[in-house]
Every structure is written in C-alpha cells, then in structure tokens.
Amino acid sequence: MSVAAYAVIDTAAIKHNVKTIAARVPHSKIMAIIKANAYGHGLLVVAEALQDTAVKAFGVARVDEGMQLRQAGFEQKITVLEGFFDQQQLNDCIDYDLDSIIHSKNQLELLASQPGNDKISVWLKLDVGMNRLGFKPHEFASIYQRLEQCAVAVKPCGLITHLSMADSVAGATTSQQIALFKKTVSKLLGEQSIANSAAIIAHPDSLTDWVRPGIMLYGISPFAHACELGLKPAMSLHSKLIAIKPINAGDTVGYAGTWRSQKRTHLGVVAIGYGDGYPRSASNGTPVLVNGGRVPLVGRVSMDMITVNLGATTRAKVGDPVTLWGKQLPVEEIAANADTIPYTLVCGVTQRVAIKKTPELNG
Ligand SMILES: *Cc1c(COP(=O)(O)O)cnc(C)c1O
C-alpha cells in the first residue's frame, strides 16, 4: 500500500455486528442506517457487506444517497430519513422506489397534489421532543387522516420517531418519549419504528416492528462510557512514518509550539492530518500505534502530518506502519482525547483517504 493514508473496512466485522444486533432484537426487523457514506465506511462497500444478512432495509438521509444505491443495483427497501425536500425529489423517490419520511406540511401538500397512479411508501414522523423533524402529538391524528387521503401514498403509512436522549442512561426522558410515541399512535394502523443504536442497547421498550441501528453496525458504541457490547470495529485508519527526528530537551514541536520536550527524544512524523480527517482537536498524549505499540501524539495536528514521541531509544524506521484507530485502538478512545464523539471521526475521513476492504488486502 503506497498511499499515505488509508482506511481498511472489515466487512466480516460488519456482518458479525448485524448478527449481534439481530440477537438483541429477535422480534424486530433491521433497517441498517448507511447515511453519510455509511458513516465514512463507504456506502457501496457497506451495502454490499449487508447483502444476505438479517438486514431487511437500508436507511439513508438524502434522496441522492438512495438513488446511488439503486444505480448500483441494490433492490432492498430504502428509506430516506429526511424525506423529499421538493417536487423533483418526490419524483425521484417514486422513480427509484425510495420510501420517504413525512415530517412537514410542505411535504404533505406535494403528496396531495401528486397523481394517484404513482405510488410511494411513507413513514409519518412524530416529534417526541427532539424538536427537529416531525409533527407534534396534538396534530398527529389529523395529519395521519390527511395522509390517508393522499392517493399516491401506500396505506397504511409507517409510524416513526427519533429519540433525543437515548444515549444517556440516566433520567426518565427516554421512557417518557417512548410512552408518548406509543400513546399517540396506539389507535393508528401501520408499522412502528423508534430505536437507534443507543435505544436498541439501553431501552428495550423502544423495540417495535423496525429498529434503525447506525453506529453499532460499524462496531462503535453510542455511549460515552466504555461498555462491552460484543461488537467489532469495522474501520481502521492507517498511515506510516515518513521521518524520524532526534530533538533536545526544551525543543518545541509543530505550530505554536504547544508541546515542549522535557528531555532528549525522537519524534516520529506520520503522514496523516486533519486533511485526512484525523481530528485537529486531538490533544497532546492521544495514543497512536507505531508498529502496533502505543506512543503519544505531541504537538498540534497539522493538515498533512502529525508528530508522535517515539522516546529516547526507538527501533522505529521510516516507512513503519502507523494506526490511528482500529481494533487495537478504539475510535471511542480517540474521540475522548479529541473532545468529540466517534461519529464525527469516522464520518470525517476525507476523500483522499483510500478505502480498502479486508479481502482486497489478502489478494
Ligand atoms: C442516524 C439515524 C439513526 C441511527 O442512529 P445511530 O445512533 O447511529 O444508531 C436512526 N434513526 C434516524 C432517524 C437517524 O437519523
């Protein structure tokens, strides 16, 4: 592998994670959430890995993501979580057989004026407290009736919501939001869907007809605290040493000299930076694996490089392999050191990072 920075996607880990999820939700169907380029793992790589698994549908954020899956030949049910934004996107949903969330009156009006020989499957979204997309509980029944009258909409529509605090185990908010959803839809027909990854793990009362795991598919915990979930991380991010430099006590490193060495040591320069998606906010001491062993990041992360402290005596050589996160170094740990969440790290891997699947490495 001659490119400076590359990500390896372990498709077997993704399949393993689907099995782990399916075992937790024996009575629910799984809609795998593969929006945002499958959380940076590669939309088509992940969609392919999910073939012949327990996954019954895909969820994406945008219409164009669904179209990309159809153009690549995927025939599963696909739900567009933000729904269509305008008439053109409604047409695309119909033409490409994409199911849409309905969360606004604007969308309802577009549906109402669509000829009835077209068909689109839809989910009606209830807002239980996120205050982002969806209808409020007091208007939900009447909106449902209006949707029933739209000839273009397949009946009955699905019933969906999204929890705002499922990743915090403390407090009663999530149970209240789940109860509000169940109460609001209790007299309505249609399949129900509540749970994202955190709810699948922590809130069994959220397990209805469909669950919508995202982050856990990729083997990453939605919780800030460490917990053993039996998931395997699917992405590892790699680069290599491109220079080794002895420095003296008192020398500073990198932009603004944010780190000063207490003693003589060797710096390793690694060919990865925020231009590849490694977080600029990673603090001094963030672990990095050089030849499989942990060394601390020192100094500012720059666009194309980071520096690590290899120590006074080191056997590392230029060209040696470096891992920024992966099985031996959880992305959750890097996120904690960078004051962010693992979602932003995997989603933030940039275009110049080559994505490779594990089997290609062996070939
Ligand atoms: C992104 C998303 C999910 C998946 O969330 P995770 O926390 O990654 O499991 C589920 N439902 C909706 C509506 C989403 O937008």
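Reading guide: rules and limits
- Residues numbered from 1 in each chain as written.
- Predicted model: local features only at pLDDT ≥ 70, side-chain atom pairs only at ≥ 80, totals over all residues.
- Heavy atoms only, no water.
- Helix = DSSP H or I, 4+ residues; strand = E, 2+ residues; numbered from the N terminus.
- Contact = heavy atoms within 4.5 Å.
- Core = buried A, V, L, I, M, F, W, Y, C linked by side-chain atoms within 4.5 Å.
- Buried < 20%, exposed > 50% of the residue type's maximum accessible area, 1.4 Å probe, protein only.
- Polar contact = N/O pair within 3.5 Å; in protein donor to acceptor, adjacent residues only side chain to side chain.
- Phe/Tyr/Trp six-rings, centres within 6.5 Å; stacked < 30°, edge-to-face > 60°.
- Expected span 1.5 Å × (residues − 1).
- Axes fitted to C-alpha atoms, helices over the stretch in contact; angles between N-to-C directions.
- Parallel < 35°, antiparallel > 145°, perpendicular 65-115°, else oblique.
- Left-handed = near helix turned anticlockwise from the far one by under 90°.
- Salt bridge = Lys/Arg side-chain N within 4 Å of Asp/Glu carboxyl O.

Caption draft 1: Region of the structure containing the environment of Asn-291. Note on placement: Asn-291 falls in the loop between strand 14 (287-290) and strand 15 (293-298). In this structure the C-alpha to C-alpha distance between Asn-291 and Lys-240, which are 51 residues apart in sequence, comes to 9.3 Å. If we ignore the near neighbours within four places in the chain, the residues touching Asn-291 are Ala-316, Asp-320 and Pro-321.

Caption draft 2: Summary view of the nonpolar core. By size, the foremost hydrophobic cluster in this structure holds 111 residues, and its most contacted members are Ile-34, Leu-50, Phe-58, Leu-111, Tyr-278, Ile-306 and Trp-325. Ranked by residues supplied to this core, first place goes to helix 3 (residues 43-49) with 5 residues. Ranked by size, the runner-up nonpolar core spans 5 residues in total, among them Val-253, Trp-259, Leu-267 and Val-298.

Caption draft 3: Just the environment of Ser-206, in detail. Its location among the elements puts Ser-206 in the loop between helix 9 (197-202) and strand 9 (210-211). What makes Ser-206 buried here is its relative accessible area of 0%. C-alpha separation for the pair Ser-206 and Thr-20, spaced 186 residues apart in sequence, amounts to 17 Å. Filtering out sequence-adjacent residues up to four positions away, Ser-206 remains in contact with Leu-163, Ile-178, Ile-194, Ala-195, Ala-199 and Ile-200. Of note is the side chain of Ser-206, whose polar atom sits 3.4 Å from the backbone oxygen of Ala-199.

Caption draft 4: Examining the packing of aromatic side chains more closely. Taken as a whole, this structure holds 4 aromatic pairs when the rule is applied. Both rings, one in Tyr-39 and one in Tyr-343, keep their centres 6.1 Å apart while their planes meet at 35 degrees; by these two values the pair is tilted. Taken together, the residues Tyr-39 in helix 2 (residues 35-39) and Tyr-343 in helix 11 (residues 342-347) connect sequence positions 304 residues apart. Centre to centre, the rings of Phe-58 and Phe-74 are 6.0 Å apart; their planes meet at 70 degrees, and the pair counts as edge-to-face. Of this pair, Phe-58 sits in strand 3 (residues 55-60) while Phe-74 sits in the loop between helix 4 (63-71) and strand 4 (77-80); the two residues are 16 residues apart in sequence, bridging distant segments of the chain. Taking the relative accessible area as the measure of exposure, Phe-74 reaches 7% and is therefore buried. A connected cluster of aromatic rings, assembled from ring pairs, spans Tyr-39, Tyr-218 and Tyr-343.

Caption draft 5: Region of the structure containing helix 1 (residues 11-24). Between its first and last C-alpha, helix 1 extends 20 Å over 14 residues, near the 20 Å set by a 1.5 Å rise per residue. Three or more residues of helix 1 are buried, namely Thr-11, Ala-13, Ile-14, Asn-17, Val-18, Thr-20 and Ile-21. The backbone nitrogen of Ala-12 has a side-chain oxygen 3.1 Å away, supplied by the residue at the start of helix 1, namely Asp-10.

Caption draft 6: Representation of the packing of helix 6 (residues 105-112) against helix 7 (residues 137-148) within the structure. Remark: helix 6 packs on helix 7, axes separated minimally by 10 Å, with the N-to-C direction vectors making an angle of 20 degrees. Between helix 6 and helix 7, the crossing angle belongs to the class labelled roughly parallel. Seen along the crossing, helix 6 lies across helix 7 with a hand that is left-handed. On helix 7, the residues that touch Lys-105, Leu-108, Glu-109 and Leu-111 of helix 6 are Glu-139, Ile-143, Arg-146 and Leu-147.

Caption draft 7: Region of the structure containing the environment of Val-152. Note on placement: Val-152 falls in the loop between helix 7 and strand 7 (158-161). Judged by its relative accessible area of 0%, Val-152 is buried. Through-space distance from the C-alpha of Val-152 to that of Ser-121 is 8.6 Å; in sequence the pair is 31 residues apart. Val-152 has contacts with Ile-94, Leu-111, Gln-114, Pro-115, Gly-116, Asp-118, Lys-119 and Ile-120, leaving out every residue within four places of it along the chain.

Caption draft 8: Looking closely at the pattern of salt bridges. Across all of its chains, the model carries 10 salt bridges by this definition. The residue Lys-105 makes a salt bridge to Glu-139 at a minimum N-O spacing of 3.4 Å. With Lys-105 in helix 6 and Glu-139 in helix 7, this pair connects stretches of sequence that are 34 residues apart. Judged by its relative accessible area of 40%, Lys-105 is partly exposed. A salt bridge links Lys-136 to Asp-127; the nearest nitrogen and oxygen atoms lie 3.2 Å apart.

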